[in-house]
Amino acid sequence: MKKRIFIGSSSEQLTTLNEIITLLGESVECIPWTDAFGLNKSGLDSLIKQTKLADFSVLVATKDDLTKQRGESLTKPRDNVVFEFGLFLGAAGSEKCYLIAEEDADLPSDLDGITVAKFTRNPGQYNSLDKIVENIKSQIAKVGEMAQLGLLPSTALAIGYYNSFLKRVCEELHNSGVIEIEGKKLSVKCFKIDVIIPERLDDNGVANFTTLYNKKHKLSKASTTNNTVSQGTRGYPFHFKVDPPDANQENPVEIHLSDIPSTLSTIVDSLKLYLPTNQVGQDFDIDYLEMRELENFAKVLTFLIGRNAATKGFVTVFTNVQL
């Protein structure tokens, strides 16, 4: 999934903007400010929408205006570029918003003491535009591999799913070594859990996908042993395949579990509130946010699985799964 990058500049610097787009390459999806403003929408509304859709932003501050300040002549970037930098910086944070400033451009004093990427138009210099953009590409690649805690719910959903279900299922199977199938207990010799993340969500979240996936792969229902009386715990339901199929209590089984996190359905309702629409038909902005949330859910979950001995090596996350 390509990362979206909003790029802002003054109208006089479209050549510089297009050069930056070329330098960033096809591994990312660039959204120049010229494509960001919708018809019959205010400029501010369009920019705020972009702060929700963009994964990263790059603002180009060049020496476009000659001003006098306290009797001194200064060359400054356009006010709208400085405003947009503040807008995207506040929305996404300093690790996802970059200011590229032309050498000797006078910047707001609030940026004093902060390392700003200042470029020269002289090729071959250590701070030539191509080298500055290459550094930003490296930063985007690095940050892009990390899960994000943002306004949308995928990070919190992944943490909750891991702690309240996935880890507990693994701990119970390690400790008890038993599952229940239609009231009968079977010993478990070893187990593997596949967490299935669908490619898309529908209006019902994952409910329909879960039904069809389990039917297609002929998965049966079972649960961990219910030890409510002796240990004060409850059994955890899941779908599975057993190897061999005719296993019994005397012959321990190898169990292959599959689970499609029902908590993913929360993303659908959250996106309707986060980016409301009054249209009927496909909304590509909603589709993009949905894919971004599913991707982030998988990243967070994979990170948590790898940190705990009860889950590491026993759980695998599969993404973009189709029926």
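S.K.: In this structure, what is going on with the overall build of the protein chain? I would like to understand it.
M.R.: Helix and strand content of the protein chain: 9 helices and 13 strands. Going through the 323 residues of the protein chain one by one, you find that 45% of them count as buried. If you take every contact in the protein chain between residues at least 6 apart in sequence, the share linking residues at least 24 apart comes to 68%. By element, 51% of the accessible surface of the protein chain is carried by carbon and sulfur atoms, the whole surface being about 17900 Å².

S.K.: I tried to follow the nonpolar core on my own but got confused; where do I start?
M.R.: Nonpolar side chains in soluble globular proteins tend to end up buried together. Residues Leu166, Ile193, Val195, Ile255, Leu257 and Leu301 are the most contacted members of the largest nonpolar core, which totals 50 residues. What Val195 contacts, discounting residues up to four positions off in sequence, is Tyr161, Leu166, Asp259, Pro261, Leu301, Val315, Thr316, Val317 and Phe318.

S.K.: Explanation requested: the sheet that holds strand β1 (residues 3–8) in the structure shown.
M.R.: Consider a sheet: its strands pair through backbone hydrogen bonds, and that pairing is either parallel or antiparallel. Read across the sheet, 5 strands follow the order β2-β1-β3-β6-β7 without closing on themselves; strand pairing throughout is parallel. In this open sheet, the two strands that pair with only one neighbour each are β2 (28–32) and β7 (117–119). Direction aside, the axes of adjacent strands within the sheet are offset by 25 degrees on average. Both β1 and β2 contribute to a ladder of 5 bridges, which runs parallel. Note on β2: the bridge partner recorded for Ile5 is Cys30. Across the face of the sheet, helix α3 (residues 79–92) comes into contact with β1, β3 (56–61) and β6 (97–102) while running at roughly 160 degrees to β3.

S.K.: What is the right way to look at unusual backbone geometry in this model?
M.R.: Trans peptide bonds make up the majority, and among non-glycine residues the majority have a negative phi. The backbone of Asp104 shows a phi angle near 70 degrees, a positive value even though the residue is not glycine. Note that Asp104 resides in the loop between β6 and β7. Assessed through its relative accessible area of 64%, Asp104 is described here as exposed. In this structure, Lys218 is a non-glycine residue whose phi angle is positive, near 55 degrees.

S.K.: Just checking my understanding: could you explain the pattern of salt bridges for this structure?
M.R.: Oppositely charged side chains may form a pair once their charged atoms are brought near each other. Applying the stated criterion across every chain yields a total of 12 salt bridges. Between Asp106 and Lys76 there is a salt bridge; the shortest N-O distance is 3.9 Å. Of this pair, Asp106 sits in the loop between β6 and β7 while Lys76 is found in strand β5 (residues 72–76), placing the two residues 30 residues apart along the sequence. What makes Lys76 partly exposed here is its relative accessible area of 23%. Between Lys299 and Glu295 there is a salt bridge; the shortest N-O distance is 3.9 Å. Of this pair, Lys299 and Glu295 are both found in helix α9 (residues 284–306), 4 residues apart, which corresponds to roughly one turn of the helix. Its relative accessible area of 23% is what places Glu295 among the partly exposed residues.

S.K.: I would appreciate a short explanation of the packing of helix α8 (residues 265–274) against α9 in the present structure.
M.R.: Where α8 contacts α9, the axes come no closer than 11 Å and their chain directions differ by 135 degrees. Relative to α9, α8 is oriented oblique. The crossing of α8 and α9 is right-handed. Every residue of α9 that contacts α8 at Ile267, Leu271 and Tyr274 is listed here: Ile286, Leu289, Glu290, Glu293 and Leu294. A breakdown of the residues in the contact of α8 with α9 according to their chemical character gives 6 nonpolar, no polar and 2 charged.

S.K.: What's the story with the side chain of Gln13 in this structure? I'm lost.
M.R.: Along the chain, the position of Gln13 falls in the loop between β1 and α1 (14–24). Contact partners of Gln13, with chain neighbours within four places excluded, come to Thr62, Asp64 and Arg121.

S.K.: Please explain the packing of aromatic side chains as it appears in this structure.
M.R.: Geometrically, a pair of aromatic rings is defined through the distance of the ring centres and the angle of the planes. Enumeration over the complete set of coordinates arrives at 7 aromatic pairs. Judged by centre distance (6.3 Å) and plane angle (70 degrees), the rings of Trp33 and Phe37 are edge-to-face. With a centroid separation of 5.2 Å and 25 degrees between ring planes, the pair formed by Phe191 and Phe314 is classed as stacked. Linking Phe191 in strand β9 (residues 184–198) with Phe314 in the loop between α9 and β13 (315–321), this pair joins segments that are 123 residues apart in sequence. Classification of Phe314 as partly exposed rests on a relative accessible area of 27%. Here the aromatic cluster, defined as three or more aromatic residues joined through ring pairs, consists of Tyr161, Phe165 and Phe297. Over the face of the ring belonging to Tyr288 we find Arg4, whose NZ or CZ atom lies 4.1 Å from the ring centre. Of note, Lys52 hangs over the ring of Tyr274, and the distance from its end group to the ring centre comes to 5.2 Å.

Conventions we followed
Residue positions are given per chain, counting from 1 as you read along its sequence in written order. For this predicted model, a pLDDT threshold of at least 70 governs which residues receive local features, and a threshold of 80 or more governs which side-chain atom pairs are given and counted, while totals over whole chains, interfaces and linings are taken from all residues. Water and hydrogen atoms play no part in the side-chain values, which are based on all heavy atoms of the structure. Working definition: helices are DSSP H or I runs of at least four residues, strands are E runs of at least two. Numbering for both runs from the N terminus. Per-residue accessibility, obtained with a 1.4 Å probe over protein chains only, is compared with the maximum for each type, and a residue is labelled buried under 20%, exposed over 50%, and partly exposed between these values. For this analysis, residues touch if any pair of their heavy atoms sits within 4.5 Å. The protein chains shown are the only cover counted for residues, whose accessible areas, like all others here, come from Shrake-Rupley with a 1.4 Å probe. Here the nonpolar core consists of buried residues drawn from Ala, Val, Leu, Ile, Met, Phe, Trp, Tyr and Cys, with membership extended through side-chain atoms lying within 4.5 Å. When DSSP finds at least two bridges between two strands, those strands are taken to pair. Geometry is summarised by axes, namely lines fitted to C-alpha atoms with helices restricted to the contacting stretch, and by angles between N-to-C directions that run from 0 to 180 degrees. The rule for a salt bridge is simple: a side-chain nitrogen of Lys or Arg has to be within 4 Å of a carboxyl oxygen of Asp or Glu. Geometric relationships in this document are graded by angle, where less than 35 degrees denotes roughly parallel, more than 145 denotes roughly antiparallel, 65 to 115 denotes roughly perpendicular, and other angles denote oblique. Crossings are sorted by hand: turned counterclockwise from the far helix by less than a right angle, the near helix makes the crossing left-handed, and turned clockwise it makes it right-handed. Classification used: nonpolar for Ala, Val, Leu, Ile, Met, Phe, Trp, Tyr, Cys and Pro, charged for Asp, Glu, Lys and Arg, polar for all others including Gly. Here is the rule: rings of Phe, Tyr and Trp (six-membered ring for Trp) pair when centre to centre is within 6.5 Å. Planes less than 30 degrees apart are stacked, more than 60 are edge-to-face, and the remainder are tilted. Any Lys NZ or Arg CZ found within 6 Å of a ring centre and within 35 degrees of that ring's normal is scored as a charge over the ring.

The values are spatial; any link to function lies outside them.
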